[in-house]
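Each chain is listed here by its residues.
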Amino acid sequence: MQQFQWYPGHMTKAKRAMQDDIKLVDMVIELVDARVPQASRNPDIDKLSQGKARVIILNKADLADERQNQAWKAYFEKQGCHVLALDARVRGSVKRVLDLIGEAGKAKLERDRKRGIRNRPIRAMVAGIPNVGKSTFINSIAGKAAAKTGNKPGVTRGNQWIKLNKSVELLDTPGILWPKFEDQTVGLHLALIGSIRDDIMNTTELACALILFLNDNYKGLLEQRYALDAFEVSTVVEAAAVMEKIAVYRHCLSKGGTADIDKAAALVLDDFRSGRLGRISLEKPECSADTHGVE
């Protein structure tokens, strides 16, 4: 399997900016992808936000296994975080988010009151690695296109303040990613959800890894989606054979009429990322090494 190491230059700049901006806020709202809550966390955010109130948004929760959403919510709450699982595209989430920010900011407001400070808004930084949906989240709760969005990692540029109401102000930050993947599984998971651009990845290897995972954890989803007979796979070669059958079923064929496995791989990845394969979580809290925990 390919090795993962990716750290675009603009992310070094973003981290430095975050170090400066963290002094301006009362809390950090960290967005993670609900399908890979641990892999989609940046350890730098924990280090930079020590002493700040913490909110974790399990975004894209509609694409993740609901049982695992609840398990991850409990996991992060045990670490002292305020946690909410949601789909940032749904406007109905706004009140839940504002309520959670208010709950997380209670201690700050009480400190202000004791110092005679009243009516100062809670200032919250929104952070997260690329492609977890930060801009969509901000646009949804702000009620307008306050932050530029895109479907490729790294679209957001620069920092910007967004005033939600008289009580809450948000500071958006560009996505940042750590310099290298100590655990290659983390890189694999990020590649599978699209946080690493496909044009620098071997998508066929990624799709084979996904097929192996689904065979072990979500039996029957592939068979149902692609009209396959029941199968068992344990090697990349066997997973590639399944991909060939998918290629034939979905008419992913080359000019000579042979199965186009690369095209089928892209289709399988797209079906996973869009939720067409079903609600799938790649990580479970009990399997976490807890190397990114809130300190």
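No experiment lies behind these values; they were computed from the predicted model shown.

Conventions and cut-offs
Residues numbered from 1 in each chain as written. Predicted model: local features only at pLDDT ≥ 70, side-chain atom pairs only at ≥ 80, totals over all residues. Heavy atoms only, no water. Helix = DSSP H or I, 4+ residues; strand = E, 2+ residues; numbered from the N terminus. Buried < 20%, exposed > 50% of the residue type's maximum accessible area, 1.4 Å probe, protein only. Contact = heavy atoms within 4.5 Å. Areas by Shrake-Rupley, 256 points an atom, 1.4 Å probe, with all protein chains shown as cover. Arc of directions from axis to C-beta. Salt bridge = Lys/Arg side-chain N within 4 Å of Asp/Glu carboxyl O. Pairing = 2+ DSSP bridges. Axes fitted to C-alpha atoms, helices over the stretch in contact; angles between N-to-C directions. Parallel < 35°, antiparallel > 145°, perpendicular 65-115°, else oblique. Nonpolar A, V, L, I, M, F, W, Y, C, P; charged D, E, K, R; others polar. Core = buried A, V, L, I, M, F, W, Y, C linked by side-chain atoms within 4.5 Å.

(A) Layout of the overall build of the protein chain. In terms of regular secondary structure, the protein chain is built from 11 helices and six strands. Counting all 295 residues of the protein chain, 53% fall into the buried class. The contacts of the protein chain with a sequence gap of at least 6 include a subset with a gap of at least 24, amounting to 69%. Total accessible area on the protein chain stands at roughly 14,100 Å², and carbon and sulfur atoms take up 49% of it.

(B) View of helix α4 (residues 94-104). Looking only at α4, the buried set comprises Val94, Val97, Leu100, Ile101 and Ala104. Buried residues of α4, seen end-on, are gathered within an arc of 135 degrees and therefore sit on one face of the element.

(C) Structural detail: the pattern of salt bridges. Throughout the structure, instances matching the rule amount to 23 salt bridges. With a closest N to O distance of 3.3 Å, Arg225 and Asp271 form a salt bridge. Placement of the pair is Arg225 in helix α9 (residues 221-226) and Asp271 in helix α11 (residues 261-274), with a sequence separation of 46 residues. One network of salt bridges, with partners in common, ties together Arg225, Arg250, Asp270, Asp271 and Arg276.

(D) Structural context of the sheet that holds strand β6 (residues 168-172). The strand order β3-β2-β1-β4-β6-β5 describes an open sheet built from six strands, whose pairing is mixed. Here the strands that pair on one side only, and so sit at the sheet edges, are β3 (82-85) and β5 (160-163). For this sheet the average axis-to-axis angle between neighbouring strands, irrespective of direction, equals 25 degrees. With four bridges connecting them, β5 and β6 associate as antiparallel partners. When the bridges of β6 are listed, Gln160 appears paired with Asp172.

(E) Structural context of the packing of helix α10 (residues 236-249) against α11. Two numbers describe how α10 lies on α11: the axes approach to 9 Å, and their chain directions differ by 90 degrees. Viewed along their axes, α10 and α11 adopt a mutual orientation that is roughly perpendicular. For the pair α10 and α11, the contacting residues are Ala240, Met243, Glu244, Ile246 and Ala247 in the first and Ile261, Ala264, Ala265 and Val268 in the second. Per-class residue counts for the contact of α10 with α11 are eight nonpolar, no polar and one charged.

(F) Fine view of the environment of Met201. Here Met201 shows up in the loop between α7 (184-193) and α8 (203-217). Taking C-alpha positions, Met201 is 7.7 Å from Ala191, a pair spaced 10 residues apart along the chain.

(G) Structural view of the nonpolar core. One finds Ile29, Phe137, Ile280 and Leu282 to be the most contacted residues of the largest nonpolar core, which totals 66 residues. Ignoring anything within four residues of it in the chain, the contact list for Ile29 reads Val55, Ile57, Ile101, Ala124, Met125, Val126, Ala127, Phe137 and Leu170. If you look at the next biggest cluster of nonpolar residues, it comprises 12 residues, including Trp72, Phe76, Cys81 and Ala85.

Just distances and angles here, no functional claims.
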